Amino acid sequence: MQRAYQAEPDAELPQASSSYGYSSLDRHQCAEADLAGEAALALSYNGINQAVMLVSPQHLEDFVLGFSFSEGIIESINDIYDLELSATQGGWQAEITLSSRRLFALKQRRRQLSGRSGCGLCGIEALDAALAPLPALSPAALPPIEHLQGLRASLPHWQPLGQHCGAVHAALWMDASGQIQASREDIGRHNALDKLIGTLLQTGQPQPSGCLILTSRCSLELVQKAIRAGFTTLISLSAPTSLAVDQARRYGLNLIHIPAQAGPRVYHAALG
């Protein structure tokens with residue numbers, strides 16, 4: 001797969017406006033605070049405009065690959081022949097060249113997506129599409145309890161963007177030995193997971209014995225993306241929704257919640 005890039009444009013951080021009633025010290029601290037970056041990214045496949053997403057402008061190639069995979073546009077990284085990222089006045093443009101087979105499949109079920117950082121099932125035109133069948137996962141054992149002890153406290157080390165400016169979510173991958181091997185951050189929780197999936201696509205599919213870790217709300221769409229990507233265990237720092245648990249049970253995904261002030265809660269274990 002060939003790749004081409006243009007340099008990211010320099011941009012000054014927006015300054016926080018002051019409000020009547022706050023001290024000069026408060027206003028100064030607000031004005032000096034760094035804010036999370038947000039940019040529009042337009043995705044075009046073989047010249048066909050497909051989606052515009054609002055993303056954190058880091059690891060954009062990872063996002064394009066992960067989004068293409070989790071949305072079913074590609075089945076493997078080899079389905080992309082070329083990827084060109086370029087900066088525009090309004091944000092970023094991704095020009096992706098697909099194999100003829102995947103382009104045909106995309107045209108067969110093409111839908112327009114309008115992205116936003118807090119989006120849900122963006123662009124879904126029918127209820128059946130929102131709950132489309134997914135591949136069943138092979139049963140996998142739960143991670144050893146020692147891999148979960150202290151996990152929440154260790155995650156900030158893997159979230160440099162979040163530590164610097166906040167307002168972002170993280171998706172991480174922990175291998176079978178309990179070591180975190182990859183982490184991606186974004187203003188959008190779906191985007192963070194897509195970036196992680198794209199990262200792993202370039203190094204091989206996630207190992208069945210590894211775990212996906214999410215710092216964001218664990219809802220249906222994230223469970224669906226995890227299943228499509230082949231993860232067998234999802235660890236969330238936030239409680240899952242009822243529909244997320246239903247989907248995990250249906251397709252054999254181990255789903256674990258680690259509360260801030262309590263021990264791990266297993267909502268579904270594939271091995272029963």
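Predicted model only: the values in this text are computed from it and were never measured.

K.L.:
Run through unusual backbone geometry, naming residues and quoting values.
P.N.:
Positive phi outside glycine occurs at Asn 46, with the angle close to 50°. In the Ramachandran plot, His 59 falls in the positive-phi region, its phi being about 55° despite a non-glycine side chain. Looking at the element boundaries, His 59 is found in the loop between strand 3 (48-55) and helix 2 (60-70).

K.L.:
Account for the pairing of strand 2 (residues 39-45), naming residues and giving values.
P.N.:
For strand 2, the buried fraction is high: five of the seven residues fall into the buried class. Examined bridge by bridge, strand 2 and strand 3 share seven bridges and lie antiparallel to one another. Bridge pairing links Ser 44 to Asn 49 in strand 3. Adjacent in sequence and paired antiparallel, strand 2 and strand 3 are bridged by two residues, among which Asn 46 carries a positive phi angle near 50°. Here strand 2 pairs with strand 5 (residues 91-98) via six bridges, running parallel.

K.L.:
Just give me the short version of the pairing of strand 7 (residues 169-174), but keep the residues and values in it.
P.N.:
Counting buried residues in strand 7 gives five out of six residues, a clear majority hidden from the surface. Of the pairings in the sheet, the one linking strand 7 to strand 8 (residues 180-186) comprises six bridges and is antiparallel in character. For Met 174, the partnering residue across the bridge sits in strand 8 and is Ile 180. Counting the residues in the hairpin turn of strand 7 and strand 8 gives five residues, including Gly 178, whose phi is positive at 90°. Bridging between strand 7 and strand 9 (residues 211-214) involves four bridges; their strand directions are antiparallel. If you follow Ala 171 over to strand 9, its bridge partner there is Leu 214.

K.L.:
Tell me what's going on with the pattern of salt bridges, and back it up with residues and numbers.
P.N.:
For the coordinates displayed, the defined rule picks out eight salt bridges. The salt bridge partner of Arg 189 is Glu 221, with a shortest N-O separation of 3.5 Å. Placement of the pair is Arg 189 in helix 8 (residues 189-201) and Glu 221 in helix 9 (residues 220-229), with a sequence separation of 32 residues. Across the pair, exposure class does not vary: Arg 189 and Glu 221 are buried alike. If you follow the salt bridges from partner to partner, you end up with Glu 75, Asp 79, Arg 101 and Arg 102 in one network.

K.L.:
Give me the lowdown on the nonpolar core, citing residues and values where you can.
P.N.:
Of all hydrophobic cores here, the largest spans 51 residues; its most connected members are Leu 41, Leu 43, Ile 96, Leu 98, Phe 231 and Leu 234. Not counting the four nearest positions on each side in its chain, Leu 234 is found in contact with Leu 212, Leu 214, Cys 218, Leu 222, Val 223, Ala 226, Leu 253, Asn 254, Leu 255 and Ile 256. Among the nonpolar cores identified, the runner-up in size contains 13 residues, and Ala 170, Leu 172, Ile 180 and Ile 235 belong to it.

K.L.:
I'd love a proper account of the sheet that holds strand 9, names of residues and values included.
P.N.:
Either a parallel or an antiparallel arrangement is found when strands of a sheet pair, and the pairing is made through backbone hydrogen bonds. The strand order across the open sheet built from six strands is 8-7-9-10-11-12, with neighbouring strands paired in mixed fashion. Single-partner strands in this sheet number two, and they are strand 8 and strand 12 (265-268). With strand direction ignored, the average angle separating the axes of adjacent strands in the sheet is 20°.

K.L.:
Could you give me a rundown of helix 3 (residues 100-108), with the residues and numbers involved?
P.N.:
Buried within helix 3 are the following residues: Arg 102, Leu 103 and Leu 106. Buried residues in helix 3, looked at end-on, bunch into an arc of 105°, giving them a common side. Counted as exposed and oriented over 90 degrees from the buried face of helix 3: Ser 100, Phe 104, Lys 107 and Gln 108.

K.L.:
Please give an account of the packing of aromatic side chains that cites residues and values.
P.N.:
Across all of its chains, the model carries one aromatic pair by this definition. Centre to centre, the rings of Phe 63 and Phe 67 are 5.6 Å apart; their planes meet at 35°, and the pair counts as tilted. You can see Phe 63 and its partner Phe 67 sitting in helix 2, four residues apart, about one turn around the helix. When its relative accessible area of 0% is taken as the criterion, Phe 63 is described as buried. You can call Phe 67 buried: its relative accessible area is 2%.

K.L.:
How would you explain the packing of helix 9 against helix 10 (residues 242-251) if you had to name every residue and give the values?
P.N.:
Closest axis-to-axis distance for the helix 9/helix 10 pair is 8 Å, and the angle between their directions is 20°. It follows from the interaxial angle that helix 9 and helix 10 lie roughly parallel. For helix 9 against helix 10, the interelement crossing comes out right-handed. Residues Leu 220, Val 223, Gln 224 and Ile 227 of helix 9 touch helix 10, and the partners they reach there are Leu 243, Ala 244, Gln 247, Ala 248 and Tyr 251. For the contact of helix 9 with helix 10, the residue count by class is seven nonpolar, two polar and no charged.

K.L.:
Let's hear about the environment of Ala 260: which residues, and what values?
P.N.:
In this structure, Ala 260 sits in the loop between strand 11 (254-257) and strand 12. Between the C-alpha atoms of Ala 260 and Arg 152, which are 108 residues apart in sequence, the distance is 7.7 Å.

Reading the values: the criteria
- Residues numbered from 1 in each chain as written.
- Predicted model: local features only at pLDDT ≥ 70, side-chain atom pairs only at ≥ 80, totals over all residues.
- Heavy atoms only, no water.
- Helix = DSSP H or I, 4+ residues; strand = E, 2+ residues; numbered from the N terminus.
- Buried < 20%, exposed > 50% of the residue type's maximum accessible area, 1.4 Å probe, protein only.
- Pairing = 2+ DSSP bridges.
- Salt bridge = Lys/Arg side-chain N within 4 Å of Asp/Glu carboxyl O.
- Core = buried A, V, L, I, M, F, W, Y, C linked by side-chain atoms within 4.5 Å.
- Contact = heavy atoms within 4.5 Å.
- Axes fitted to C-alpha atoms, helices over the stretch in contact; angles between N-to-C directions.
- Arc of directions from axis to C-beta.
- Phe/Tyr/Trp six-rings, centres within 6.5 Å; stacked < 30°, edge-to-face > 60°.
- Parallel < 35°, antiparallel > 145°, perpendicular 65-115°, else oblique.
- Left-handed = near helix turned anticlockwise from the far one by under 90°.
- Nonpolar A, V, L, I, M, F, W, Y, C, P; charged D, E, K, R; others polar.

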